[in-house]
Amino acid sequence: MTEMNAPPQPTIVELIKVSKNYPPDVIALADVSLTVETGEMFFLIGKSGAGKTTLLKLICNMETPSNGLIEVAGQNIHRLKGKKLARLRQKIGVAYQDFKLLTDRTVAENIAISMEVSYKKPPVISKRVKDLLAQLELSDKHDAITGELSRGEQQRVTLARAVANSPTLILVDEPTGNLDAATTEKVMNLLNKCKSSGATIIIATHDDSLYRHTDHRIMELCRGKIRRVNGGLQA
Amino acid sequence: MNFWFAVLRQMGRNLRQTWASQCMTLLTVSLSVLIFAFFYLIYTNMLNAGDKLGDDLRLIVYLQDEPGPEMQEQLRRKITDFDQVQEIKFISRAQAYERFAKQLGQNKDVLEDMPTDFLPPSIEVTPLKTLRSLNRVKLFSEYLSKLPVTLKVQYGQDWVERFFYFIRLLSIVVILSGSLLILTTVFMVAYTIRLTIMGRQAELELLRLVGATNDYIRTPFMLEGLMQGFFGSTFGLVSLYSLYQWIKIRFSGPGILYLFNFTFFTPDTIVLIIIASILLCTVGSYMSMQKFLRI
């Protein structure tokens, strides 16, 4: 089996006829097939309830598919267990739509958590945290309790945590939902920087300002099905 | 940063955030160990006292008449026919009188008007240490009482029987209290850890999502269990020792404690209790974490 720290593969995410049903009869995704290349920035668009978040959850193994195959870095992520799964997850950074922040901890602690599990040294963690906070204009919030921040600030902390451990795959769910135009640009700059350093980025969004003028691939979902794919695989 | 540094830091955080429930668990473990160790201490001392009593145990066979040398030999043979004994000692009427006078000490004048042969002759039979169970002593006593020259057999029946029954009752109490307290300790520790887990469900879930291994998540909780076991049992034993010292000082002098030579646990027993407590608490933590990690 291929590990993510092995030589990079051309394909980082592969979905073949993936479906996800919720009881009693909700079809969140139906026969979705998709390939994302290493180092690519990929936009997943569609209205609320189209299945964007479900797709991201399936890729990071937060949910299991009802049918189909999902491979991340050449490994069937839903067959991985224990240390192998943990190691793979360390290389996947996820900015969740519901943030999943520890609201009683400081901003710095929230960002550091993804690096602590990889046993990064405290000075390295501290430097990286400060660096990310500066890039997202949150330097003054270093020791603030996360629960006391605004939604927009919390969203940026989530993003900082997702990219902190320099993952090779970054999944971002609605990264700019609570942000103004200037902050949105900073967030996109950070994601572009991650892409430049070799990370693959999948962004689920319904904010068309993010992808309107992009030359990256875009896939539109509608009621769990692929409606169109721009610039790559055709549905 | 290595694994142990990360784990210890995580444990420090856990302790800071859940110190109140940790203190309650510590108190429960201490009390459980204290109660169990208290009964166990009494039990071991009673066993020692039983041994001591066994050392002094002898059957006195009062005889109708003073046996001559030939009769003594016959009786000796009859006694050893039943079982081997440690010692057989014939006490004549005169020797019995002398002993009695000696026991009376300053009050021996009361014997002045008494004839020197008013006490019956007797045989003191000291059974072998290996044969000193209550039933065996009873059988031996019955056998001796059936000898044709026997007047009466005495070995402090009532006292010995009550003492042995008390020890039996105490061993049941120790076994029952021990089992119940072991269960209490395991469940208390397991539930405290489970409460902590439920209170920190979001954090643990996040740790899994960002790639923490099961060992990274589990080890701090197991270390907490280990610490609770160690400190809980140590506090329990220290409390028991304080109680023991207080009782020793308060009831020093010629009393029941003096009679029984009341002693505290040996260092080996103390270490054993602490290790057992650590194991129980760690197992409690492990059980809780396994349930969470399986979800």
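Owing to the predicted nature of the structure, the values given are computational and were not obtained by experimental measurement. (Residues numbered from 1 in each chain as written. Chains lettered and ligands numbered in written order. Predicted model: local features only at pLDDT ≥ 70, side-chain atom pairs only at ≥ 80, totals over all residues. Heavy atoms only, no water.)

Undergrad: Please clarify how the nonpolar core should be interpreted in this entry.
TA: As a rule of thumb, nonpolar side chains are buried together in soluble globular proteins. Residue and element names in this part refer to chain A. Judged by nonpolar contacts, the single largest core of 38 residues is most densely connected at F43, I111 and L191. Looking at this core, the elements that each hand over two or more residues are β3 (41-45), α3 (107-116), α4 (122-135), α5 (151-164), β7 (169-173), α6 (181-196), β8 (200-205) and α7 (208-211). With six residues, α5 is the largest single contributor of residues to this core. With near-sequence residues (within four places) excluded, I111 lies in contact with V129, L132, L133, V157, A160, R161 and A164. Within the second largest apolar cluster, 34 residues are counted, among which are I12, V13, L29 and I70. (Core = buried A, V, L, I, M, F, W, Y, C linked by side-chain atoms within 4.5 Å. Buried < 20%, exposed > 50% of the residue type's maximum accessible area, 1.4 Å probe, protein only. Helix = DSSP H or I, 4+ residues; strand = E, 2+ residues; numbered from the N terminus. Contact = heavy atoms within 4.5 Å.)

Undergrad: Quick question: what am I supposed to make of a nonpolar patch on the surface here?
TA: Together, B:M24, B:L27, B:L31 and B:I35 make up an exposed nonpolar region whose accessible area comes to about 380 Å². With respect to the helices and strands, the residue B:M24 is situated in helix α2 (residues 19-56). (Patch = residues over 30% accessible without salt bridge, like charges linked within 9 Å, V, L, I, M, F, W, Y side chains within 5 Å. Areas by Shrake-Rupley, 256 points an atom, 1.4 Å probe, with all protein chains shown as cover. Salt bridge = Lys/Arg side-chain N within 4 Å of Asp/Glu carboxyl O.)

Undergrad: Please clarify how the domain arrangement of chain B should be interpreted in this entry.
TA: Domain annotation for chain B reports domain 1 (3-53 + 161-294) and domain 2 (58-154). When each unit is reduced to the centre of its C-alpha atoms, the spacing between domain 1 of chain B and domain 2 of chain B is 51 Å. (Domains from an automatic or database assignment.)

Undergrad: Before we go on, may I ask you to explain the pairing of strand β2 (residues 26-37) of chain A in this structure?
TA: On any regular strand, side chains alternate: one points to one face of the sheet, the next to the other face. All names here are of chain A. Here strand β1 (residues 11-22) runs beside β2; their pairing, made up of eight bridges, is antiparallel. The residue bridging L15 from the neighbouring strand is L34, located in β2. Connecting the antiparallel pair β1 and β2 is a turn made up of three residues. (Pairing = 2+ DSSP bridges.)

Undergrad: I keep staring at the sheet that holds β1(A) and nothing clicks. Help me out?
TA: By definition, the strands of a sheet pair up through backbone hydrogen bonds, in either a parallel or an antiparallel sense. Residue and element names in this part refer to chain A. Taken together, four strands build an open sheet; the order of strands is β2-β1-β4-β5 and the sheet is antiparallel. The sheet is open, and its two edges are formed by β2 and β5 (75-76), each paired on a single side. Lying on the sheet, helix α1 (residues 52-59) is in contact with β1, β2 and β4 (67-72); it crosses β1 at an angle near 120°. (Axes fitted to C-alpha atoms, helices over the stretch in contact; angles between N-to-C directions.)

Undergrad: I'm lost on the sheet that holds strand β9 (residues 217-222) of chain A in this one. Help?
TA: Residues and elements named next belong to chain A. Across the sheet, which stays open at both edges, the six strands sit in the order β6-β7-β8-β3-β9-β10 with mixed pairing between neighbours. Looking at which strands have only one partner, the edges of the open sheet turn out to be β6 (92-95) and β10 (225-230). In this sheet, adjacent strand axes meet at a mean angle of 15° when their direction is disregarded. Each of β3, β6, β7, β8 and β9 touches α1; the most contacted strand, β7, lies at about 155° to it.

Undergrad: Quick question: what am I supposed to make of the packing of aromatic side chains here?
TA: The geometry of an aromatic ring pair comes down to the distance between the two centres and the angle between the two planes. Inspection of the entire model under this criterion finds 17 aromatic pairs over all chains. Taken together, a centroid distance of 6.3 Å and an interplanar angle of 50° make the contact between A:F43 and A:Y211 tilted. Pair noted here: A:F43 is in strand β3 and A:Y211 is in helix α7, with a separation of 168 residues, a long-range link. Judged on exposure class, the residue A:F43 and its partner A:Y211 are both buried. Pairwise contacts between aromatic rings join B:F36, B:Y40, B:Y43, B:Y241, B:Y244, B:F264 and B:F265 into one cluster. Lying over the aromatic face of A:Y96, A:K100 brings its terminal NZ or CZ to 5.6 Å of the ring centre. (Phe/Tyr/Trp six-rings, centres within 6.5 Å; stacked < 30°, edge-to-face > 60°. Lys NZ or Arg CZ within 6 Å of the ring centre and 35° of its normal.)

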